[in-house]
Amino acid sequence: MERKVIELDQGWDYMQKGITKLKRILEGSVEQFNSEEYMMLYTTIYNMCTQKPPHDYSQQLYDKYKDSFEEYISSTVLPAIREKHDEFMLRELVKRWGNHKLMVRWLSRFFHYLDRYFIARRSLPALNEVGLTCFRSLFFRQNFDTFCILIQIDKEREGEQIDKALLKNVLDIFVEIGMGQMDCYEQDFEAPMLEDTGVYYSHKASSWILDDSCPAYMLKSEECLKKERDRVAHYLHSSSEAKLVEKVQHELLVNFSTQLLEKENSGCRALLRDDKVDDLSRMYRLYHKIPKGLDPVATIFKQHITAEGMLLVQQAEDAASNQVILSFEFLFFDSQVLIRKVIELHDKYLAYVSDCFQNHTLFHKAMKEAFEIFCNKTVGGSPSAELLATFCDNILKKGGSEKLSDEAIEDILEKVVKLLAYISDKDLFAEFYRKKLARRLLFERSANEEHEKSILTKLKQQCGGQFTSKMEGMVTDLTLAKDNQNEFENYLSNNPNAHPGIDLSVNVLTTGFWPSYKSSDLNLPSEMVRGVQVFKEFYDTKSKHRKLTWIYSLGSCQLIGNFEAKKIEMVVSTYQAAILLLFNTSDRLSYSEIMTQSNLGHEDLVRLLHSLSCAKYKILIKEPISKTVSPNDIFEFNPKFTDRMRRIKIPLPVVDERKKVVEDVDKDRRYAIDAAIVRIMKSRKVLGHQQLVSECVEQLSRMFKPDIKAIKKRMEDLIARDYLERDKENANLFRYLA
């Protein structure tokens, strides 16, 4: 039996009745669909879609499905929403959207057969999508103005209470209606919302920047950003957070950054000057997420540190230049004060970088560049490398000006090594430090051997093993020298006839480790000559292949002075002892006689005779009496000399070794430049002038800042010595000669 054909009009009339009932239910009717009605509506659609052509009405029903929504929205939904305003309009929208989703769910069930077959075969939009698209195209794209939502948001920004749950429900419609896409939310709501936000905060910023201090402005900005993030959490979509925050940052912080940071009496410089760490931390928090936002802050930070550092240097320079005669003692004291203040400055701003600026690399870089500027200045004629080495010497030697605990010394040595990182002439520091280390070790002035080893370990970590190899060798030498001395004493015990008649202690050192010292042909007193011979005989029993070079300038002696009042033990240098012992055989000697008998040069002799006749302890009497020594003076032993102490140390005037150290370093630098050039050329074979200079600077800059002229001079010298040659066709091209 054939199924009766349902005509389109007949079938749609029946469907229309079901749709009308659904509309009444949506408008508040208590009616309901029973299962029989539901099945009849579904079956009607099924039958009309499965009839043979030309009675297959699938396309027509698909079109009428869409028309049903458009008619309902136009006739009922839009008028209901339009007649309300502000918050009430939004409530009506939420209600109507809920009804619309319900209508879509029911109708898509009635027309479900279309979804299963017709739509699938034709690749048409699904019924659910058609229903939602109708609402979007008729309401959002033509009739809805987001202004009422923006008003609510601006009200909340001004402190008024609003219905956040309502706004969330409204904005969820924008998301839902996109059906997995955010274009509706972004185009219909987010874009105007961001524009409105920009206008709102631009107006606020223009007012605040004139009326508020920098800290107050930042507090307001931080609060605004927090509230905008809360806004996202309460009712905006999470995807809006980054865009919203960026917009607020742009209006409040980017557009007014220069005015804000440069504000007189409250800007970044003032915050640094007044140690406003909380405000600086807030400044970092506000600007660190803005691209290049921290650049101007870091620039001001660098300028501020540089200014403070240069002020310290200038104060030290002024103090030095105010002295009529700049004494070594004054310079020493002033350098201690300067280095101490620079360490305090470093501690302070390192804490800023760590605590306020969260160890951001930009601020580490700014601090490094600032310290490099003033840490390489000369004070009172002394390079910073010398000042730092002198500071270390004062900390490490016995009787230094500061009495510190072991922990405090370790801490300050750690900080000194950090400062060294900023000094470009590290090789100059190494040489000054080595000179002072030598004096501490040889004259037993080192306060603590562990501290000496500790700073060498720190320097090794900072500058590499080559930097400290000689210094470590010096410390090792002294340990070996003690063992050697013990062996010498055993040798004397076993050979009584070999005893020189005086107590003799000798430090045998490795030439390559220690600074270079002038070895003079001092005519030793007979008492000392015997000692030297005995030690040489002992040493030859150990090694006949090593040559001993005696450095008398580093020796010390203990002499007994037989004065009329009492005997006094005198601790003097070997040179001083040699001169004093001349007066055992002569009561009176002229300057020229002393020079002849001692074989000392004029410069050394003047210093020595001054220390014995013109300084605190006048062991010799000089004629004529004056405060200076001249070649025409006559000297004699002073038998009436006395002192309340039974043991005195007669110091020599301090010699400024700066010139010699600088000369030694310059010589070492020439060798270093030669080695670098040869290394590079051996590897590259052929290289252009500019690139060779550039690579040479790069290799050497860890130890010192090489002068370009010096590099060019060394290149010419290497050409003359046949290590390099210029290309015959291109004079700027060099070749390595194997």
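Source: prediction; values computed, not measured.

## Regarding the nonpolar core
Counting residues in each nonpolar core, the largest one holds 92 residues, and the members touching the most others are Phe301, Phe371, Phe429 and Tyr433. Look past the residues within four positions of phenylalanine 429 in its chain and what remains in contact with it is Ala385, Leu388, Ala389, Cys392, Leu420, Leu459 and Phe467. If you look at the next biggest cluster of nonpolar residues, it comprises 64 residues, including Trp97, Phe118, Ile153 and Leu244.

## Observations concerning the pairing of strand β9 (residues 733-736)
The alternating pattern of β9 places Phe734 and Tyr736 on a buried face and Leu733 and Arg735 on a face that is not buried. Of the strand pairs in this sheet, strand β7 (residues 686-688) and β9 are connected by three bridges, and their pairing is antiparallel. Residue pairing across strands places leucine 687 opposite phenylalanine 734, the latter belonging to β9. When strand β8 (residues 724-726) meets β9, the two strands line up antiparallel, connected through three bridges. Paired with arginine 726 across the bridge in β9 is phenylalanine 734. From the end of β8 to the start of β9, which pair antiparallel, there are six residues.

## Here we look at the pairing of strand β1 (residues 556-562)
Residue alternation in β1 divides its side chains into a buried set, Cys557, Leu559 and Gly561, and an unburied set, Ser556, Gln558, Ile560 and Asn562. In this sheet, strand β2 (residues 567-573) lies alongside β1 in antiparallel orientation, the contact comprising seven bridges. Note on β2: the bridge partner recorded for serine 556 is serine 573.

## Quick notes on the packing of helix α10 (residues 214-234) against helix α14 (residues 277-287)
Between two packed helices, the angle of one axis relative to the other and the distance separating the axes together describe the packing. For the pair α10 and α14, the least separation of the axes is 10 Å and the interaxial angle reads 45°. It follows from the interaxial angle that α10 and α14 lie oblique. The element α10 and its partner α14 pack so that their crossing is left-handed. Contacts between α10 and α14 involve Cys214, Pro215, Met218, Leu219, Ser221, Glu222 and Leu225 from the first element and Asp279, Arg282, Met283, Arg285 and Leu286 from the second. Of the residues that constitute the contact of α10 with α14, the class distribution is seven nonpolar, one polar and four charged.

## Points about the pattern of salt bridges
Scanning the model with the defined rule gives 60 salt bridges in all. The salt bridge involving lysine 365 is made with glutamate 369; its shortest N-O contact spans 2.9 Å. Taken as a pair, lysine 365 and glutamate 369 lie in helix α17 (residues 361-374) at a separation of four residues, close to a single helical turn. Looking at lysine 365, the relative accessible area reads 48%, which means it is partly exposed. Several salt bridges converge on common partners, so that one network encompasses Asp154, Glu156, Arg157, Lys164, Asp196, Glu228 and Arg231.

Definitions and limits used
- Residues numbered from 1 in each chain as written.
- Predicted model: local features only at pLDDT ≥ 70, side-chain atom pairs only at ≥ 80, totals over all residues.
- Heavy atoms only, no water.
- Core = buried A, V, L, I, M, F, W, Y, C linked by side-chain atoms within 4.5 Å.
- Buried < 20%, exposed > 50% of the residue type's maximum accessible area, 1.4 Å probe, protein only.
- Contact = heavy atoms within 4.5 Å.
- Helix = DSSP H or I, 4+ residues; strand = E, 2+ residues; numbered from the N terminus.
- Pairing = 2+ DSSP bridges.
- Axes fitted to C-alpha atoms, helices over the stretch in contact; angles between N-to-C directions.
- Parallel < 35°, antiparallel > 145°, perpendicular 65-115°, else oblique.
- Left-handed = near helix turned anticlockwise from the far one by under 90°.
- Nonpolar A, V, L, I, M, F, W, Y, C, P; charged D, E, K, R; others polar.
- Salt bridge = Lys/Arg side-chain N within 4 Å of Asp/Glu carboxyl O.

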